[in-house]
Amino acid sequence: MEEKALEVYDVIRSIRDPEKPNTLEELDVVTEKCVEVQELGDDEYLIIIKFSPTVPHCSLATLIGLCLQVKLQRCLPFKHKLEIYISEGTHSTEEDINKQINDKERVAAAMENPNLREIVEQCVTEPDD
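Criteria and cut-off values
Residues numbered from 1 in each chain as written. Predicted model: local features only at pLDDT ≥ 70, side-chain atom pairs only at ≥ 80, totals over all residues. Heavy atoms only, no water. UniProt positions renumbered as here; feature names shortened; annotations may be inferred. Helix = DSSP H or I, 4+ residues; strand = E, 2+ residues; numbered from the N terminus. Buried < 20%, exposed > 50% of the residue type's maximum accessible area, 1.4 Å probe, protein only. Lys, Arg positive; Asp, Glu negative; His and termini not counted. Salt bridge = Lys/Arg side-chain N within 4 Å of Asp/Glu carboxyl O. Polar contact = N/O pair within 3.5 Å; in protein donor to acceptor, adjacent residues only side chain to side chain. Contact = heavy atoms within 4.5 Å.

- As recorded by an unreviewed UniProt entry, the protein carries the name Cytosolic iron-sulfur assembly component 2A and is attributed to Cottoperca gobio.
- Comment text from UniProt for the protein, heading Sequence similarities (unreviewed entry), reads "Belongs to the MIP18 family."
- Taken directly from UniProt, the Subunit (unreviewed entry) text for the protein runs: "Monomer and homodimer. Component of the CIA complex. Interacts with CIAO1. Interacts with IREB2. Interacts with APAF1."

### Some words on the side chain of D17
- Tracing the backbone shows D17 in the loop between α1 (2–12) and β1 (35–41).
- Despite its burial, D17 pairs with no opposite charge; the closest candidate is K20, at 4.6 Å N-O.
- In this structure the side chain of D17 is engaged in a polar contact, spanning 2.9 Å, whose partner is the backbone nitrogen of K20.
- Residues contacting D17, with those up to four places away along its chain left out, are N22, T23, L24, L27, I64 and C123.

Okay, structure coming up:
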């Protein structure tokens, strides 16, 4: 499973922060330790990501979660279920945000918003794309 976790981490580490010119890896929002992979069955995996916003009142935590969702859905070559959470105790409204970023309908609705979609695209696009 460690190999799959590293594969997942490689996908998310280069996502850029919506406010800063840095990547989520550079800001320690995501680390190798924040990715957990469990086998569900034949070539299907459960991916659990726990990220840490830079500050407890980060207004962009939901957007960061959305970026993680979008990039992983696009880039992972294997069948998977995805759960994304804010690391416990790192955000003032973590429960609400956890519900939002794991609700498929809310994620789909957010990606229909052209302004939000543009921000997500800027964050998830690789610099050399």
